Amino acid sequence: MGVLLCSLLVLALVCQSHSSDSSLHRFKRYQEGPQSGPSDCTRGIQPPVVMANSHNFSLDVRMPGVSPTTSDSYLCVAVPVPTSRDAYIVDFVPHASMDTAHHMLLYGCRTPVSTTGYWDCGSAQGTCEDDGAIMYAWARNAPPTKLPRDVGFKVGGKSKITYFVLQIHYGDISAFRDHHKDCSGLTLRMTSKPQPFIAGMYLMMSVDTVIPPGSRVTNADIACEYDSYPMYPFAFRTHTHRLGQVVSGYRIRDGKWTLIGRQSPQLPQAFYAATQGVDVRYGDTIASRCVFTGEGRTSKTYIGGTSNDEMCNFYIMYYMDNKHADPFMDCMQDGSKELFRHIPSEANVPIPVSPDNMMTMMHSGHHATGHQDDMTLLEPKRAEEEILDQGYHLEEVMDWPENPLQLGQVSGLALDSDNNLVIFQRGDHQWGVNSFDNQARYQQRSLGPIQQSTILVIDPVKGNVLKASGRNIFYLPHGITTDAHNNYWVTDVALHQVFKVGNKGKDKPLVVLGEAFEPGSDKEHFCKPTDVAVDTMTGNVYISDGYCNARVLKFSPEGKYLSHWGAGSSDRRRRLPFRIPHSLAFLPDRRELCVADRENGRIQCFVAESGEFVKEIKKEEFGEEVFAIAYTPAHGGLIYAVNGESPYGRSAPLSGFVINYSSKEILDTYSPDSQEFKMPHDIVVNKDGAVFVGDAASDSVIKFTSEKAEHRSVKKGGIEVQEIEETETFVQTNLKPVHTVSFHVAVASQQKPPEVLTQEHHHAPESPPPPKSQQQQTHEEDKQKVKTIAKQSARGVSPAVISTLLLIPVVVVISIGLFIRWRKSRMYGDGCEVKLEPNSAGGILGKLRGKAAGSLNLGNFFATHKGYSRQGFDRLSTEGSDQEKDDEDATDSENEEYSAPPPPVPSSTS
């Protein structure tokens, strides 16, 4: 038996090994090209592509056994990306020593200079024929740094990166006196799973700083206004040559300077963790200062690429949402003296560097700033959003409100500062097919304004009316929100106006926007405006306009027009306008405004200050209509939405949705039990997590709350059953005995049909419980019975059963081996394509440009400026090379600096 078992195990392992080998042989171009040369270091290196599972794999990128003959040699080798589909690099593992390699860089591009063997890339031909994006860098035994979770560098697919180019600078070749061959390089750990966030790089660089000889302090100041989508810095890196003392980077918002990172450039120039919680948004200013000393110099020092020149670079590694990630941004503008008068004093204080600091940094990756003592990079702001308890679900509160509310068509909902519910309703007025003519003019003015109270403040717990107002003002109410002072901002589609109404019971509006009963599309007119949102920090007002106009307008708190914008799109080639922007939600923690674009069945979010498009959420579950949205910052940001019936016959079931803002995942779907949604028109969620939905067709407001699944009442097979947790109590049933031992003592709840449970928990007559001592005795007897059954079962096992049990693992192992072989044969296509998952999204890590025309080539830049030497830039396309060899007094900053980071108007109304 033992011999058979061992034979089968060996057979399974051989099958799996054969499968791996046959798959890897398909990766021909790389194996038969750069890696094919014989050397004394290639033996023992793992195959170029190793699959961990169907999604994850690793790629080895190494020099094919080279032996440089001159110092300051720059050698390159190209390796194809092993898939034509989207893939993401999530980790880099370097295999190099500073005794051999001065530094190494990994570029991503579509067309490398060569695809066969290695070449001298220190000459004019460089690394890539097209734009080369620097994706990784290593120097001076810098430790590896993993990227944050859910962040990756996108390659393959639509990223325009089909090749990796590894460049290694061999500075001092004394290590090659024995003519040995070098296989330095790195391992890329990759996945085909789309990453929610895409990494990018923001480069701040001084281009014209001059350091006078003998000067004690010279500052190089850089500053630019940020004008792109929100980015979230998670790491930073500094770079100067010998004269740099300290480099600092800041975000400036509303005059306040917030540190992104500060470090001595004389320490190993790795990427360090940025200040936690700092984001950069439209309108912010990013600023950086490099502090130099000219002591010891006898002539002016310019910005350049040699060891006698200087550089002032501050790198920000960031992540952005994958739908609008910008892979590379830069800033090369001098900062004004007025701006930098307010820079924090810490930016002017050099960070002392001792030999102990240097050794500690190189071996542990720690840095000496005190407040940051490890290389752990910040995770995307997703820790708390993972999510809601697994049992989270919204259910209708059946007994709310305690007393029926007398409502007309419920058009809008809001919350005041006391967490009370505010209802905007139409009383005895209704929006029907005869309410408007073809020019959107209201046809029922003779009815006069609504005489009932249209604004009701409701106790969210019991549903009682606390306050009522809004008589004789409105004709057809629609949207409502509150500002920081509990004033009501409302829209009226009949009046084509927007009002600010006080909450003191006085019905005279404080602000009126638009002209009564006059539709229009200019700055002074609206056409059936639908909703209002208020920025409680600035007081700015945002209006969705509306049924006729496809736009969002922005006003000051006093009602002064500021700006407006239309729809955005994640696909710039197909810019779809709004089709009834119906509901607004302001996101205070993100400074964004989201719009329920009703007839397009989507949610779009924008930078509130600028109107710049951020993201779009569109789901099949929405159908063709999204009526209303609400937002809460809880759990990392949740969007609550309700859909509606489509007039075109493609409706999805009417439901409420809870959506993760970042991942766009639907976390929960809910609907009422006591009735059906007819036209869920607006939605709000309060501080306690209670959700209120106003239904315009049923003239009602429905309240939902969440409970854990094991405590809530559910329906099974049409019978209401109260779910209970398992206990260590036997419940007698009429089922036949089961001659197997359960690992859980409580098996009745799993075995008993729903009918039995229902009778027991809802209809069984109450009987007095047995005495406590009797309960304990019965419980002990039950336990003893279980033990007895187990012992009897063990004694009754035959040798045949034992043999069968031993064969089961063997069959499983063989099955696994065959399955792996089958999977890998499917995943590797002809040539070098790895067939991975088709679904992916995102952008590509920052393009620190290569040597190709049109790219950011610092060598060409410096060569065109008087006094700058081009020496070194022919070899490296960014930052230049400190040409000196590693002298005894040389610091790490003198090495080439890189380190690894981690509208048609629809017929429907209301």
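The rules we used
Residues numbered from 1 in each chain as written. Predicted model: local features only at pLDDT ≥ 70, side-chain atom pairs only at ≥ 80, totals over all residues. Heavy atoms only, no water. Helix = DSSP H or I, 4+ residues; strand = E, 2+ residues; numbered from the N terminus. Polar contact = N/O pair within 3.5 Å; in protein donor to acceptor, adjacent residues only side chain to side chain. Pairing = 2+ DSSP bridges. Axes fitted to C-alpha atoms, helices over the stretch in contact; angles between N-to-C directions. Buried < 20%, exposed > 50% of the residue type's maximum accessible area, 1.4 Å probe, protein only. Contact = heavy atoms within 4.5 Å. Lys, Arg positive; Asp, Glu negative; His and termini not counted. Salt bridge = Lys/Arg side-chain N within 4 Å of Asp/Glu carboxyl O.

*Asks:* Explain the side chain of H496 here, please?
*Replies:* On the secondary structure map, H496 appears in the loop between β28 (488–492) and β29 (497–501). Within polar-contact distance, the side chain of H496 engages the backbone oxygen of A440 at 2.9 Å.

*Asks:* Any chance you could explain the sheet that holds strand β42 (residues 666–670) here in plain terms?
*Replies:* Paired through backbone hydrogen bonds, the strands of a sheet run either parallel or antiparallel to each other. Pairing within the open sheet is antiparallel, and its four strands lie in the order β39-β40-β41-β42. The open sheet has two edge strands, β39 (626–632) and β42, and neither has a second partner. With strand direction ignored, the average angle separating the axes of adjacent strands in the sheet is 20 degrees. As judged from the six bridges shared by β39 and strand β40 (residues 638–643), these two strands associate in the antiparallel manner. Across the sheet, the residue bridging to I629 is A641, located in β40.

*Asks:* I would appreciate a short explanation of the pairing of strand β14 (residues 232–239) in the present structure.
*Replies:* The side chains of a regular strand alternate between both faces of the sheet. Within β14, eight of the eight residues are buried, which leaves the element mostly enclosed by the surrounding structure. Where β14 and strand β17 (residues 272–273) come together, two bridges link them in antiparallel fashion. Directly across from A235, in β17, lies its bridge partner A273.

*Asks:* Even after reading the chapter, I still don't get the environment of G412, so can you show me in this structure?
*Replies:* Along the polypeptide, G412 turns up in strand β23 (residues 410–415). Classification of G412 by relative accessible area gives buried; the value is 0%. Placed 12 residues apart in sequence, G412 and F424 show a C-alpha to C-alpha distance of 4.8 Å. Discounting residues that sit within four places of it in the chain, G412 has contacts with V422, I423, F424, H478, I480 and D682.

*Asks:* Even after reading the chapter, I still don't get the side chain of R426, so can you show me in this structure?
*Replies:* Examined against the element boundaries, R426 turns out to sit in the loop between β24 (421–425) and β25 (455–458). Look at R426: it is buried, it has no salt bridge, and the nearest opposite charge is D492 at 8.0 Å. At 2.8 Å, the side chain of R426 and the backbone oxygen of P477 are in polar contact.

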